[in-house]
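Take a look at the letters that make up each chain.
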Amino acid sequence: MKLERRSALKTLGGAAAIGAAASLAARAAHAAGEIPVASIHDLSGGLDIYGKPMEDAMKLATEEINAAGGLLGKKIKLISYDSQSNMQQYTQFAQQAALKDKVAVVHGGITSASREVIRPVLKRLNTLYFYNTQYEGGVCDRNTFCTGQTPAQNVEILMPYVMKKWGKRVYVVAADYNYGQITSDWVKKYTKDNGGEVVAVDFFPLDVTQFGPAIQKIQAAKPDLVLSALVGGAHISFYRQWAAAGMKSKIPMCSTTATGGNEHIVLSPEEGDGLTVAFSYFQTVDNPVNKAFVARWHKRFGADYPYISELAVATYQGMHLWAKGAAKAGSTDRMKVIQALESGIDFDGPSGKVTIDPATHHCTLDIHIAEVKAKKMAVLEKYAQRKPIDTAAVYNLIKNPNENKQFVIKF
């Protein structure tokens, strides 16, 4: 118990030090006439495989905006917080960003659980919030903008693609929180819509690393394919144990999450090749904007940077969308920016054209299907300008601007 207390004190002390440094940076920013912007991401802990590239994206976007003359005649001051994959830290830093650091906007959160910790805090404290992660859909909050994909944008195209290729009996393994649970329901819907069936769904806490019994269950079920909605560094073990059990050559696999944390770089070709995913962005997307972006990224962070992830690009695009909204509003005032963003602000980003849908505060995006090949992503198909129709089916913020909840569609 003494060791646990000492460890806890050390963690809290580190968080306090980071928080104090952030507050000093914010006060300096205000004093210098700068615009403070918050980045709350997991830079340590089990979710740092996602958080570190997202933080790099915030840095690059901020530097680009400042290099182009800043925003409204001022420089943006990026204030970064390490939430350490800890929900309590998310609450603390969201409050600090809004109350002490008085930021114009918060970009942050990775898991849906972290989003639902941050979102009500920032709503209550009238601080604009951007969530830049692909997720299960349904968040209805005029104070929140979601730039990642929803199931109607990626799962709806992934399931018919893999079922046509591999078969109609699907086994699902998913992270045991709202993302994995709700996404699994969407997988069931789109599997059924295409004449298939989900034979079983297994959920796993984020810290689980042993998947032997689960793999045995899959072997016994004999599905045509496995869909993974696993999340985080611990769950990479599933792909390794799957290959070690000799299953990779027997039952193919697709995922709604894999490669978002550069799992394909960590896994060997023997473990990762063939894994099929659908995201808005891959580094190999072939368009002029992306080629220029990749060159700038490597110039800033090094030619040996492992891979530019989907979540990094969604964060980069989210930051630029917010800046375009503020520029159009002529102000960083929260409501003025919201109204400007609701005019249908768009951005030609590395993933393609990204447009904010006024009724949902989600984005219309290009979606690509890709396959892991030798630690790289081979883009197979493109689906242009997919709308967030799942989320649009359950609410309309233009008609009902005071809604504040996450809708979960029941099938």
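None of these values were measured; they are calculated from a predicted model. (Residues numbered from 1 in each chain as written. Predicted model: local features only at pLDDT ≥ 70, side-chain atom pairs only at ≥ 80, totals over all residues. Heavy atoms only, no water.)

### With respect to the nonpolar core
Cut-off, in case you're wondering: We call a set of buried Ala, Val, Leu, Ile, Met, Phe, Trp, Tyr and Cys residues a nonpolar core when their side-chain atoms join them within 4.5 Å. Only protein chains enter the accessibility calculation, which uses a 1.4 Å probe; a residue whose area is less than 20% of its type maximum is buried, one above 50% is exposed, and one in between is partly exposed. Only DSSP runs of H or I covering at least 4 residues are called helices, and only runs of E covering at least 2 are called strands; the numbering of each starts at the N terminus. Only heavy atoms enter the contact rule, under which two residues are in contact if any of them lie within 4.5 Å.
With 90 residues, the main nonpolar core has V37, L128, M159, L227, F293, W297 and W322 as its most contacted residues. Take this core: its biggest share by element is 9 residues, from helix α12 (residues 310-329). The contact partners of L128, leaving out residues within four places of it in the chain, are A104, V105, V106, N143, F145, W322, R334, V337, I338 and L341. Listed in part, the 28 residues of the second largest apolar core include I218, I251, F282 and V372.

### With respect to the packing of aromatic side chains
Selection rule: Planes of paired rings set the category: under 30 degrees apart is stacked, over 60 is edge-to-face and the rest tilted, where pairs are Phe, Tyr or Trp rings (Trp by its six-membered ring) whose centres lie within 6.5 Å. Either the NZ atom of lysine or the CZ atom of arginine qualifies as a charge over a ring when it sits within 6 Å of the ring centre and within 35 degrees of the ring normal.
The final tally for this structure, using the stated rule, is 19 aromatic pairs. Centroid distance W297 to F301: 4.9 Å. Interplanar angle 55 degrees. Geometry classified as tilted. On the criterion of helical spacing, the pair formed by W297 and F301 is a turn pair, its members being 4 residues apart in helix α11 (residues 288-301). Classification of W297 by relative accessible area gives buried; the value is 0%. Ring centres of W297 and Y305 lie 5.3 Å apart, and the angle between their planes is 90 degrees; this geometry places the pair in the edge-to-face category. Take W297 and Y305: they sit in the same class, and that class is buried. In this structure, R115 packs its charged tip against the face of Y131, placed 5.0 Å from the ring centre.

### A look at the packing of helix α5 (residues 155-166) against helix α6 (residues 178-193)
Put simply, the rule reads: Angles shown run from 0 to 180 degrees and are taken between the N-to-C directions of axes, each axis being a line fitted to C-alpha atoms and, for helices, limited to the stretch in contact. Small angles under 35 degrees read as roughly parallel and large ones over 145 as roughly antiparallel, with 65 to 115 read as roughly perpendicular and the rest as oblique. Handedness of a crossing is defined here by the sense of rotation of the near helix relative to the far one, left-handed for an anticlockwise turn of less than a right angle and right-handed for a clockwise turn. Residues are grouped as follows: Ala, Val, Leu, Ile, Met, Phe, Trp, Tyr, Cys and Pro are nonpolar; Asp, Glu, Lys and Arg are charged; all remaining types, including Gly, are polar.
Between α5 and α6, whose axes approach to 9 Å, the crossing angle comes to 50 degrees. In terms of orientation, α5 and α6 fall into the oblique class. By crossing handedness, the relation of α5 to α6 is classed as right-handed. Counting all contacts with α5, which are made through V155, E156, M159 and M163, the residues of α6 involved are T183, W186, V187, Y190 and T191. Taken together, the residues of the contact of α5 with α6 sort by class into 6 nonpolar, 2 polar and 1 charged.

### Some remarks on unusual backbone geometry
Positioned with a positive phi, K102 is a non-glycine residue whose angle comes to about 50 degrees. A positive phi angle, near 55 degrees, is found at N126, a position not held by glycine. Looking at where N126 falls in the secondary structure, it is placed in the loop between α4 (112-124) and β4 (128-131).

### Here's the deal with α5
Since there are 3.6 residues in each turn of an α-helix, residues three or four apart along the chain are aligned in direction. Which entries qualify depends on this criterion: One fewer than the residue count of a helix, multiplied by 1.5 Å, yields its expected span.
Across its 12 residues, α5 extends 16 Å between first and last C-alpha, which sits within 8% of the 16 Å expected from 1.5 Å per residue. Directly beyond the C-terminal end of α5, a positive phi value near 140 degrees is found at G167.

### So, the environment of G344
With respect to the helices and strands, the residue G344 is situated in the loop between α13 (334-341) and β12 (346-349). On the accessibility criterion, G344 (24% relative accessible area) is partly exposed. Considered as a pair, G344 and C363 are 19 residues apart in the sequence and their alpha carbons are 9.5 Å apart. Excluding residues within four positions of it along the chain, G344 makes contact with T355, I356 and P358.

### Quick word on the pattern of salt bridges
Heads up, the condition is: Any Lys or Arg side-chain nitrogen located within 4 Å of an Asp or Glu carboxyl oxygen qualifies as a salt bridge.
Counted according to the given criterion, the structure contains 18 salt bridges. A salt bridge links R115 to E136, with the shortest nitrogen-to-oxygen separation between them at 3.1 Å. Of this pair, R115 sits in helix α4 while E136 sits in the loop between β4 and β5 (139-141), and the two are 21 residues apart along the sequence. Each member of the pair, R115 together with E136, is buried. A salt bridge links K217 to D202, with the nearest nitrogen and oxygen atoms 3.1 Å apart. Taken together, the residues K217 in helix α7 (residues 212-221) and D202 in strand β8 (residues 197-204) connect sequence positions 15 residues apart.

### Quick word on the pairing of strand β7 (residues 169-175)
Applied cut-off: Strands pair, by our definition, only if DSSP identifies at least two bridges between them. Every crossover in which the path from the first strand over the helix to the second runs clockwise, viewed with the strands pointing away from the viewer, is termed right-handed.
Most of β7 is tucked away, with 6 of its 7 residues classed as buried. Relative to β8, β7 runs parallel, the two being bridged by 7 bridges. Looking across to β8, one finds that Y171 is bridged to A200. Traced from β7 through α6 to β8, the parallel crossover comes out right-handed. Relative to strand β9 (residues 225-229), β7 is paired through 5 bridges, and the arrangement is parallel. Within the sheet, the bridge partner assigned to Y171 lies in β9 and is V226.

### Comments concerning the side chain of N290
The criterion, for reference: Side-chain atoms alone can form a polar contact between residues adjacent in sequence; in general such a contact is a pair of N or O atoms within 3.5 Å, and within protein one must be able to donate a hydrogen while the other accepts it.
For N290, the location among the structural elements is in helix α11. Classification of N290 by relative accessible area gives buried; the value is 1%. Only 2.8 Å separates the side chain of N290 from the backbone oxygen of V285, close enough to count as a polar contact. In contact with N290, not counting residues within four places along its chain, are Y281, F282, Q283, V285 and P350.

### A short note on the pairing of strand β2 (residues 76-82)
In terms of burial, β2 is a largely internal element, 5 of the 7 residues being buried. When strand β1 (residues 35-41) meets β2, the two strands line up parallel, connected through 7 bridges. Opposite I40, over in β2, you have Y81 as the bridge partner. Each parallel crossover has a hand, and for β1 linked through helix α2 (residues 48-67) to β2 it is right-handed.

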